[in-house]
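Architecture and fold: a report
So the chains spell out like this:
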2 protein chains.
Amino acid sequence: MEMLNVGQFELVSNAFSFAIAVMGAATIFLFLGRSQVASHYKTAVTISGIVTLIAFYHYWRIFDSWQGAYAVTKTGLEATAHKFNDAYRYVDWLLTVPLLLIELILVMKLSREETTAKAQKLAGAAALMILLGYPGEISADVGTKFKWWFLSMIPFLYIVMNLFSGLSKAINAQPESVRDLITTARNLTVLSWCFYPVVYALYFIPGANVGSAEVATYVQIGYTISDILAKAVFGVFIYVVAVRKSEANA
Amino acid sequence: MEMLNVGQFELVSNAFSFAIAVMGAATIFLFLGRSQVASHYKTAVTISGIVTLIAFYHYWRIFDSWQGAYAVTKTGLEATAHKFNDAYRYVDWLLTVPLLLIELILVMKLSREETTAKAQKLAGAAALMILLGYPGEISADVGTKFKWWFLSMIPFLYIVMNLFSGLSKAINAQPESVRDLITTARNLTVLSWCFYPVVYALYFIPGANVGSAEVATYVQIGYTISDILAKAVFGVFIYVVAVRKSEANA
């Protein structure tokens, strides 16, 4: 990989630190807010906080791994013997992405059977999506990257289709006061999730150099923004839905 | 012992970090969820969370010990003066394995006498099983490893037999809505526990080299997966049983 310059290294470091602060703050907000929602919605809010807590932990490790992978010297940036560990992101996603879908399903308060069926189907597809993405992420070869990106898009599109068609009926059955909010939460899921394959695709867009310092910088910052939207912002949304539904006794 | 390569070292590191995240997440989930079960089941859920908390602590230590035992250099992996500390696992199991059996007994809500009798018998056998396993784990000699594995299997089989024959009557007395769940919890205990002796046996299966880097890698990853199933997944199961029984007022 092409060597980053000090400015790129610091920009990514600051983005990681920002994510640590946001995820930590969201975790405390959600855990404290849990006492303000009705019994039925507590699990959805608990899981929202657990997702941001898991992300907080991993961004801490990611920050440390990034700092350990480079040494700032008087003449510029140098690589150390420790490679930046990309696996932390994938381990994080393997845990949090299925949980994010479960949050969304739980806050809808469907029947127990429907909740279990949808949770299993969507969480399973989400885990498959992450597992299929990893071999491409760690490969240095553009063709290999594209192949695994493509395979990973199959469960991704299955989830998106399910969120649109399968959940639309359930959304229409929600109380009026939260219907728009749940629709927004669903759209936020789809929108923030679309960021990930786009960021990943930076590796193989025509003209981009897969090993360039710019691409490496954009990918790290892109994933960080996506994580903040999909986990912290989304988690607060789930909390607001839970508060409104609690007020409406729905 | 044969030296690991950097890839094996990183794979095991990532598995340990994954376990830290899972155990931490499960702990928070169980401690928060405790407020959602009836008074009678709070102790079972508390203990489930304590088990994952103890495991969280030990995986943190295991991760640090693993990082300290090897140095990544520009030419590959080198052993440091610090040996990886296997004892953390056994100290963890000595505490958590008896507690896991107590969780399962408590969530059944047997009579006080039966609870005490079963808890003493099974927890005692579990502690004995762990103590008998340790001398084999730290020995470099295949014969010694096999001897202690064999001795450790005696209390192991005693526990498995008890879970099947002794608990079957108690399971049939459970309310219908949770009978399947408790049966699954019991089977999950037995199944996840069977992983441990199988992983341990990797040391002395014919053709395997007890000191090879492959065996060392598989053993660490195998134990980690077993711990996640037996503690975190099992703990969430116990919580679901407790919620269902609370709803049924059983």
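Since we're looking at a predicted model, the values are computed, not measured.

Criteria and thresholds
- Residues numbered from 1 in each chain as written.
- Chains lettered and ligands numbered in written order.
- Predicted model: local features only at pLDDT ≥ 70, side-chain atom pairs only at ≥ 80, totals over all residues.
- Heavy atoms only, no water.
- Helix = DSSP H or I, 4+ residues; strand = E, 2+ residues; numbered from the N terminus.
- Rg over C-alpha atoms; globule rule 2.2 N^0.38 Å.
- Buried < 20%, exposed > 50% of the residue type's maximum accessible area, 1.4 Å probe, protein only.
- Contact = heavy atoms within 4.5 Å.
- Areas by Shrake-Rupley, 256 points an atom, 1.4 Å probe, with all protein chains shown as cover.
- Lys, Arg positive; Asp, Glu negative; His and termini not counted.
- Charge placed at Lys NZ, Arg CZ, Asp CG, Glu CD.
- Salt bridge = Lys/Arg side-chain N within 4 Å of Asp/Glu carboxyl O.
- 1 Å grid on protein atoms, 1.4 Å probe; cavity = no way out; pocket = protein on both sides within 12 Å on 5 of 7 lines; lining within 4 Å.
- Points joined across faces, edges and corners; volume = space filled by probe spheres on them.
- Nonpolar A, V, L, I, M, F, W, Y, C, P; charged D, E, K, R; others polar.
- Pairing = 2+ DSSP bridges.
- Least-squares fit on C-alpha atoms with pLDDT ≥ 70 in both.
- Phe/Tyr/Trp six-rings, centres within 6.5 Å; stacked < 30°, edge-to-face > 60°.
- Lys NZ or Arg CZ within 6 Å of the ring centre and 35° of its normal.
- Core = buried A, V, L, I, M, F, W, Y, C linked by side-chain atoms within 4.5 Å.
- Buried area = accessible area lost by both parts, 1.4 Å probe.
- Polar contact = N/O pair within 3.5 Å; in protein donor to acceptor, adjacent residues only side chain to side chain.
- Patch = residues over 30% accessible without salt bridge, like charges linked within 9 Å, V, L, I, M, F, W, Y side chains within 5 Å.
- Axes fitted to C-alpha atoms, helices over the stretch in contact; angles between N-to-C directions.
- Parallel < 35°, antiparallel > 145°, perpendicular 65-115°, else oblique.
- Left-handed = near helix turned anticlockwise from the far one by under 90°.

1. Thoughts on the overall build of chain A
The helix and strand inventory of chain A stands at seven helices and two strands. Ordered by position in the sequence, the α and β elements of chain A form the string α-α-β-β-α-α-α-α-α. The C-alpha radius of gyration of chain A comes to 19 Å, within 12% of the 18 Å expected for a compact globule of 250 residues. When the backbone C-alpha atoms are referred to their principal axes, chain A occupies close to 65 × 35 × 25 Å. Taken across its 250 residues, chain A has 54% of its residues classed as buried. Pairs at least 24 residues apart make up 77% of the contacts formed inside chain A by residues separated by at least 6 positions. As displayed, chain A has an accessible area near 10,900 Å², and 66% of this comes from carbon and sulfur atoms. Where the 18 positive side-chain charges of chain A centre and where its 16 negative ones centre are 10 Å apart.

2. A few points about the pattern of salt bridges
The full count for this structure, using the stated rule, is seven salt bridges over all chains. Taking the shortest distance from any N to any O, the salt bridge between B:Asp92 and B:Lys231 comes out at 2.9 Å. Of the two residues, B:Asp92 is situated in helix H3 (residues 87-106) and B:Lys231 in helix H7 (residues 213-247); the sequence distance between them amounts to 139 residues. Each of the two residues, B:Asp92 as well as B:Lys231, counts as buried. B:Asp227 is paired through a salt bridge with B:Lys231; the nearest N and O atoms lie 2.9 Å apart. With B:Asp227 and B:Lys231 both in helix H7 and four residues apart, the pair spans about one turn of that helix. By the burial criterion, B:Asp227 is buried, and B:Lys231 matches it. The network of salt bridges with shared partners includes A:Arg89, A:Asp92, A:Asp227 and A:Lys231.

3. A short note on the layout of surface pockets
Approximately 2,000 Å³ is the volume attributed to the largest pocket. The wall of the largest pocket is formed by 46 residues, among which A:Ile47, A:Ile102, B:Phe29, B:Val236 and B:Val240 lie closest to the centre. Counting only elements with at least two residues in the lining of the largest pocket, the list comes to helix H2 (42-69), helix H3 (87-106) and helix H4 (112-138) of chain A together with helix H1 (6-33) and H7 of chain B. Here the lining of the largest pocket is composed, by residue class, of 30 nonpolar, 11 polar and five charged. The space that makes up the second largest pocket amounts to roughly 1,300 Å³. Element by element, the count of residues in the lining of the second largest pocket is highest for H1(B), at six residues. Its residues placed into classes, the lining of the second largest pocket shows 27 nonpolar, 10 polar and six charged.

4. Regarding the pairing of strand E2 (residues 76-79) of chain A
When strand E1 (residues 70-73) of chain A meets E2(A), the two strands line up antiparallel, connected through four bridges. Its bridge partner lying in E2(A), A:Tyr70 is registered against A:Ala79.

5. Remarks on the relation of the copies chain A and chain B
Least-squares fitting of chain A to chain B yields an RMSD of 0.1 Å, with the superposition described by an axial translation of 0.9 Å and a rotation of 73°. Overall, the copies show the geometry of a five-fold rotation axis. Every residue of chain A has its C-alpha some distance from the rotation axis, and the shortest such distance is that of A:Ser35, at 8.7 Å.

6. What about the packing of aromatic side chains?
Counting across every chain of the model gives 38 aromatic pairs over all chains. Look at B:Phe9 and B:Trp66: their rings are 6.1 Å apart centre to centre, the planes differ by 10°, and that puts the pair in the stacked class. Of this pair, B:Phe9 sits in helix H1 while B:Trp66 is found in helix H2 (residues 42-69), placing the two residues 57 residues apart along the sequence. Within the aromatic cluster, the residues linked to one another by ring pairs are A:Phe9, A:Phe16, A:Tyr59, A:Trp66, A:Tyr70 and A:Phe84. The residue whose ring lies beneath A:Arg61 is B:Phe63, and the NZ or CZ to ring-centre distance is 4.1 Å. Note that A:Lys145 overlies the ring of A:Tyr203, its terminal NZ or CZ placed 3.7 Å from the centroid.

7. Points about the nonpolar core
In this structure, A:Ile159, A:Trp193, B:Ile159 and B:Trp193 are the most contacted members of the largest nonpolar core, which totals 162 residues. Top element by residues in this core is H7(B). It accounts for 15 residues. Ignoring sequence-local partners within four residues, the contact set of B:Trp193 consists of B:Val97, B:Leu100, B:Leu101, B:Met129, B:Phe156, B:Ile159, B:Leu188 and B:Ala230.

8. Topic: the environment of A:Asp180
Residue and element names in this part refer to chain A. Within the secondary structure, Asp 180 sits in helix H6 (residues 176-201). Given the relative accessible area of 62%, Asp 180 is considered exposed. For the pair formed by Asp 180 and Glu 78, sequence separation is 102 residues and the distance between their alpha carbons is 50 Å.

9. As for the interface of chain A and chain B
Opposite the 24 residues of chain A that make contact, chain B presents 21 residues. Between chain A and chain B, roughly 1,900 Å² of surface is buried when both sides are summed, and carbon and sulfur atoms account for 62% of that area. Where chain A meets chain B, there are one salt bridge. For the salt bridge of A:Arg112 with B:Glu247, the shortest nitrogen-to-oxygen distance reads 2.6 Å. Summed over the shared surface of chain A and chain B, the result is eight residue pairs in polar contact (both at pLDDT 80 or more). Elements supplying a minimum of two residues to the side of chain A that touches chain B: H2 and H3 of chain A. Ranked by the residues each element gives to the side of chain A that touches chain B, the list is headed by H2(A), at 10 residues.

10. A closer look at unusual backbone geometry
Unusually for a residue other than glycine, A:Lys109 sits at a positive phi of about 55°. As for its placement among the helices and strands, A:Lys109 is situated in the loop between H3 and H4.

11. Focus: a nonpolar patch on the surface
Judged by side-chain polarity, A:Phe146, A:Phe150, A:Leu151 and A:Ile154 come together as a nonpolar surface patch covering roughly 370 Å² of accessible area. Examined against the element boundaries, A:Ile154 turns out to sit in helix H5 (residues 142-172).

12. So, the packing of H3(A) against H4(A)
Residues and elements named next belong to chain A. Taken N-terminus to C-terminus, the directions of H3 and H4 make an angle of 160°; their axes are 9 Å apart at the nearest point. As judged from the angle between their axes, H3 and H4 are roughly antiparallel. When the axes of H3 and H4 are compared, the crossing they make is right-handed. When the residues that make up the contact of H3 with H4 are grouped by side-chain class, the tally is 19 nonpolar, two polar and two charged.

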